[in-house]
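Here are the chains, one letter per residue:
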Amino acid sequence: MKTFLLSILVLFVSITTFAEVSALEKNALLDLNKSTQGQNWNFKWNLSTPVSTWYGVTVENDKVIALDLSDNNLNGVLPASISKLQNLKTLILFKNKISGTIPASIGKIINLNVLNLSFNHFSGSIPNEITNAKSLTSIELFMNLLTGELPKNIGNLSNLETLSVYNNQLTGEFPSSLYTIKSLKNLQLNSNKFSGTLDSAVSNLTSLTTLSLFDNNLKGQIPFDLEKLKNLTEMNLSYNNFNGIVSKKLSKKDVLNMTMIDQYGVATTLKVSQDKDKAVVSEE
């Protein structure tokens, strides 16, 4: 009897140990491996072993829930079949050499919480379909070659806490829906080519702790409504084309004390008056 029970236990352990993800998910990973020259990765996959043993892959209940291949020398394109990883919650491909466009199919990964494609060579626009992945809490796409505008329906991502797309070539005005994401804590849009104004509706972003719009082409009055953001601890609005007056409180909060670039390319500051909590533009 003991021998029989021991055999059953060994069989159970064996089944558990060698349980495998679905063919659909495995093929999606194989596509990624092939399209990004897996043979040249720093940490390669042994394709003859279970997926759960592959570097950077997290499997839970026979489902791939996380993929982190940061700084692993991925070189190629991100295949559209990545969306077949329907149980994925985390996708991190930070600091590689991936080029091409961000596949619109990412919007089909409805369970995705964290997307980090930063420090690669992605080009083209941020696909509008990304706003269909409504579970997203963090989008990091900084240090790429992205162009075009922010998705107009970015406000659909009502759980978003981090939007970091700095150091790209993004253009256009901020979509009005951006100001509706009350969960947003970190908004880093600096070092792009954004234009237009900063709407007073920015005061709706009550959870905001970091606001970086540095080095863009924004113009007009800096809204005094920014003072309503009580959680805001880090702000940089400098090196834009903002003009007009600014409060002493906002001037002090800005990392570079509201240093702007005028129409002639000359650095100007929004100088705070000593007797009033307002400032005027003055050239230095």
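The coordinates are above.
Per-chain numbering applies: the sequence of each chain, read as written, is numbered from 1 onward. In view of the model being predicted, local features appear only for residues whose pLDDT reaches at least 70, and side-chain atom pairs are presented and counted only at 80 or more, with totals across whole chains, interfaces and linings using the full set of residues. Side-chain measures here rest on the full set of heavy atoms in the structure, leaving out hydrogens and waters.

Quick look at the environment of S176
So, point 1. A run of H or I in DSSP counts as a helix once it spans at least four residues, and a run of E counts as a strand once it spans at least two, with each numbered from the N terminus. Here S176 shows up in the loop between β11 (171-172) and β12 (186-188).
So, point 2. For every residue, the accessible area obtained with a 1.4 Å probe (protein chains only) is divided by the maximum for its type, and the residue is called buried under 20%, exposed over 50%, and partly exposed between those limits. Of the residues examined, S176 reaches a relative accessible area of 61% and is grouped as exposed.
So, point 3. Along the backbone, S176 and N153 are 23 residues apart, and their C-alpha atoms lie at a distance of 8.8 Å.

Describing the sheet that holds strand β10 (residues 162-164)
So, point 1. Think of it this way: DSSP has to see at least two bridges between two strands before they count as a pair. If you walk across this open sheet you meet the nine strands as β1-β2-β4-β6-β8-β10-β12-β14-β16, and the pairing is mixed. For this open sheet the edge positions go to β1 (57-60) and β16 (234-236), each flanked by a neighbour on one side alone. Across the sheet, the axes of successive neighbouring strands diverge by a mean angle of 15°, strand direction being ignored.
So, point 2. Packing against the sheet, helix α2 (residues 23-35) makes contact with β1 and β2 (63-68), and its axis sits at approximately 20° to β2. Note on definitions: angles span 0 to 180 degrees between N-to-C directions of axes, and those axes are lines fitted to C-alpha atoms, for helices only across the stretch in contact. The contact rule is simple, with two residues in contact once any of their heavy atoms fall within 4.5 Å.

Quick word on the pattern of salt bridges
So, point 1. In the sections that follow, a salt bridge refers to a side-chain nitrogen of Lys or Arg positioned within 4 Å of a carboxyl oxygen of Asp or Glu. A complete count under the given rule lists two salt bridges for this structure.
So, point 2. Taking the shortest distance from any N to any O, the salt bridge between D225 and K228 comes out at 3.2 Å.
So, point 3. In this structure D225 comes out as partly exposed when scored by relative accessible area, which is 22%.

What about the pairing of strand β5 (residues 97-100)?
So, point 1. Two strands pair when backbone bridges link them, and strand β3 (residues 75-77) and β5 are joined in this way by three bridges, in the parallel orientation. Bridging across to β5, V77 finds its partner in S99.
So, point 2. Two strands pair when backbone bridges link them, and β5 and strand β7 (residues 121-124) are joined in this way by two bridges, in the parallel orientation. The residue bridging G100 from the neighbouring strand is F122, located in β7.

Examining empty space enclosed by the protein
So, point 1. Space inside and on the surface of the protein is sampled on a 1 Å grid over the protein atoms alone, with a cavity defined as a set of points where a 1.4 Å probe fits but cannot get out and a pocket as an open set with protein on both sides within 12 Å along at least 5 of 7 lines; lining residues have an atom within 4 Å of a point. Grid points are joined across faces, edges and corners, and a volume is the space filled by probe spheres set on the points. Applying the stated rule across the entire model yields one cavity of 30 Å³ or more.
So, point 2. Taken together, F174, L178, Y179, L187, L189, L198, V202, L211 and L213 make up the full set of residues lining the largest cavity.

Some remarks on the packing of aromatic side chains
So, point 1. Aromatic pairing here means that ring centres of Phe, Tyr or Trp (its six-membered ring) are within 6.5 Å. Orientation follows from the plane angle: under 30 degrees is stacked, over 60 is edge-to-face, and everything else is tilted. As enumerated under the stated definition, the model contains eight aromatic pairs in all.
So, point 2. Relative to Y55, the ring of F43 lies with its centre 4.6 Å away and its plane at 20°, an arrangement referred to as stacked. Remark: Y55 occurs in the loop between α2 and β1 and F43 occurs in the loop between α2 and β1; sequence separation between them is 12 residues.
So, point 3. Note on F142 and Y166: the rings are 4.6 Å apart at their centroids and 5° apart in plane angle, and the pair reads as stacked. You can see F142 sitting in the loop between β8 (138-140) and β9 (145-146) and its partner Y166 sitting in the loop between β10 and β11, a full 24 residues away along the chain.
So, point 4. On the accessibility criterion, F142 (10% relative accessible area) is buried.
So, point 5. Through successive ring pairs, a cluster of aromatic residues spans F94, F119, F142 and Y166.

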